[in-house]
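Results of the structural survey
This is what each chain is made of:
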Amino acid sequence: MRFLIQRSEFLRALTRGAAIAEKKASTPILTSVLLRATEGGLKLTATDKAMTYVGTFAANVETPGEVAVNAMNALQAIKALPDEVVELILADNAKIHVRCGKSVYKLEGQAAAEFPPAPPIDVSGSLQIYAADLRKIIDQTWFSIAPDDNHYGLNGAHLDAVDTPDGRMLRMVSADGNRLSWAQAPFTGNLGIGRRMLLPRKPLAEVRKMIDGFGGPVEIGFGERAAVVRFEGTTVHMRLLEAEFPNYKEVLPTNFKRRVVVERARFIESLRRVSIFASDTSHSVRFAFSETGVVLSARKLDAGDAREEADVKSFEGDPITMGFNADFLQDALTAAGEDDVLIQLGDALSPAVVTPLESADSNAATDAFFVVMAVRLD
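In short, a report on the structure. Model, not experiment: these values are computed from the prediction.

**A few points about empty space enclosed by the protein**
- If you walk through the whole model with that rule in mind, you get two cavities of 30 Å³ or more.
- Of all the secondary structure elements, the ones that give two or more residues to the lining of the largest cavity are α3 (131-139), β12 (167-175), α4 (201-210) and β17 (226-231).
- Here the lining of the largest cavity is composed, by residue class, of twelve nonpolar, no polar and no charged.
- Considering only enclosed or pocket space, the second largest cavity measures out at about 40 Å³ in volume.
- Around the second largest cavity, the lining residues are Phe-10, Leu-35, Val-69, Ala-74, Ile-78, Leu-88, Ile-96, Val-98 and Leu-107.
- Those elements giving two or more residues to the lining of the second largest cavity turn out to be α2 (71-80) and β8 (95-100).
- Residues belonging to the lining of the second largest cavity are distributed by class as follows: nine nonpolar, no polar and no charged.

Shown next, in the form of structure tokens:
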């Protein structure tokens, strides 16, 4: 095997592969990526068994062939090279010779036959969504996916197809027991995911990174317990989580007694400053809402306290004092995206709902909806 490739293109390929390959594994081959040089260019495959990535990259292939190489070793080597053309030659005993400018590396490879075969791709239906829309709904929901397997039914993102006055929308929903987020965007095709199937956290984050900067359509197909994402020379196969997401529509708060409109960026800055002294356990901040503004305060035992008055653009209802986890509320405000945000409140221990102000009273394609549970103040 022998091929020539721009160092920037090779670095892009290895960066994607190293993000998916396992860092430490009882099966060493899973820490490697498979390099396959063909007439169509360089094809790189990486897997951690739950997720498999296959990407095609531009390369001048003089002699086809394939070999597996440790992902992190190869990535670190290519990172250190000058931004020139890289030549890779496969020698005997899976030895890999890498030349770039005056630099030469000799890497230990493994036989391609040891690398796990890519899973079969058999989809029963697929949908198409523009990359910008997919990025947005992932950004607005990923942070509230439960981070571990102990939260059955909450450790993945739920997908829904919903009909709105603006057309059919793909809605992504996530929750971790303390907050819930959903966002939606237009799509075409069929949502063929099983009712008891969720998109796992890590593959969703990796797909988000891969489509960064891409502006075209993304195809998502669904098979039995698996999903396949395809776009621009890239295929990602992910194993779905078999768990039933709670009926989120039944638990969405609807009885609001107070409406607060704030300038998102300035309110987040106030929250960041005060949360320095939020308690270590619940990371709670006290919010005193009234027509004159919001007073934020926090106290950390043996450390100090903080207090700040933040402006509001409008307030409807009676004054109220409530507590929220600073990180959870900040995540929701950040994900809302627009300049002005509506915060709807009930009683002191009722959850808050955060929505972008422009879409708060509509079913527009830009809709996003965030629920944050209140915390009890001492």
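**Observations regarding unusual backbone geometry**
- Even without glycine at this site, His-283 takes up a positive phi of about 50°.
- Following the sequence through the fold, His-283 ends up in the loop between α6 (264-275) and β21 (284-290).
- In the Ramachandran plot, Asp-302 falls in the positive-phi region, its phi being about 65° despite a non-glycine side chain.
- By the secondary structure assignment, Asp-302 is in the loop between β22 (293-300) and β23 (304-310).
- Judged by its relative accessible area of 82%, Asp-302 is exposed.

**Some remarks on the sheet that holds strand β13 (residues 179-186)**
- If you walk across this open sheet you meet the ten strands as β19-β15-β11-β12-β13-β28-β27-β26-β20-β24, and the pairing is antiparallel. The open sheet has two edge strands, β19 (241-242) and β24 (314-316), and neither has a second partner.
- Relative to β12, strand β11 (residues 156-164) runs antiparallel, the two being bridged by seven bridges. By the bridge assignment for β12, Asp-160 is matched with Arg-171.
- Against the sheet, helix α7 (residues 326-336) contacts β13, β26 (340-345), β27 (352-356) and β28 (368-372), and its axis sits at roughly 170° relative to β28.

**With respect to the sheet that holds strand β25 (residues 320-325)**
- Taken together, five strands build an open sheet; the order of strands is β23-β22-β21-β25-β29 and the sheet is antiparallel. Either end of the sheet is taken by a strand with one partner, and the two such strands are β23 and β29 (374-375).
- Relative to β25, α7 is tilted by about 90°, and along the sheet it contacts β21 and β25.

**Points about the nonpolar core**
- Grouped together as the largest cluster of nonpolar side chains are 102 residues, with contacts concentrated most on Phe-10, Phe-287 and Ile-343.
- Looking at this core, the element that brings in the most residues is α7, giving seven residues.
- Those residues within four positions of Phe-10 in sequence are excluded, and the remaining contacts are Phe-3, Ile-5, Leu-35, Leu-42, Ile-78, Val-86 and Leu-88.
- Within the second largest apolar cluster, 14 residues are counted, among which are Ala-146, Ala-243, Leu-252 and Phe-369.

**Quick notes on the pairing of strand β20 (residues 258-263)**
- As defined by bridge partners, β20 adjoins β26 across six bridges and the pair is classed as antiparallel. Across the sheet, the residue bridging to Arg-259 is Gln-344, located in β26.
- Pairing of β20 with β24, which is carried by three bridges, proceeds in the antiparallel orientation. For Val-260, the partnering residue across the bridge sits in β24 and is Phe-315.

Procedures and definitions
- Residues numbered from 1 in each chain as written.
- Predicted model: local features only at pLDDT ≥ 70, side-chain atom pairs only at ≥ 80, totals over all residues.
- Heavy atoms only, no water.
- 1 Å grid on protein atoms, 1.4 Å probe; cavity = no way out; pocket = protein on both sides within 12 Å on 5 of 7 lines; lining within 4 Å.
- Points joined across faces, edges and corners; volume = space filled by probe spheres on them.
- Helix = DSSP H or I, 4+ residues; strand = E, 2+ residues; numbered from the N terminus.
- Nonpolar A, V, L, I, M, F, W, Y, C, P; charged D, E, K, R; others polar.
- Buried < 20%, exposed > 50% of the residue type's maximum accessible area, 1.4 Å probe, protein only.
- Pairing = 2+ DSSP bridges.
- Contact = heavy atoms within 4.5 Å.
- Axes fitted to C-alpha atoms, helices over the stretch in contact; angles between N-to-C directions.
- Core = buried A, V, L, I, M, F, W, Y, C linked by side-chain atoms within 4.5 Å.

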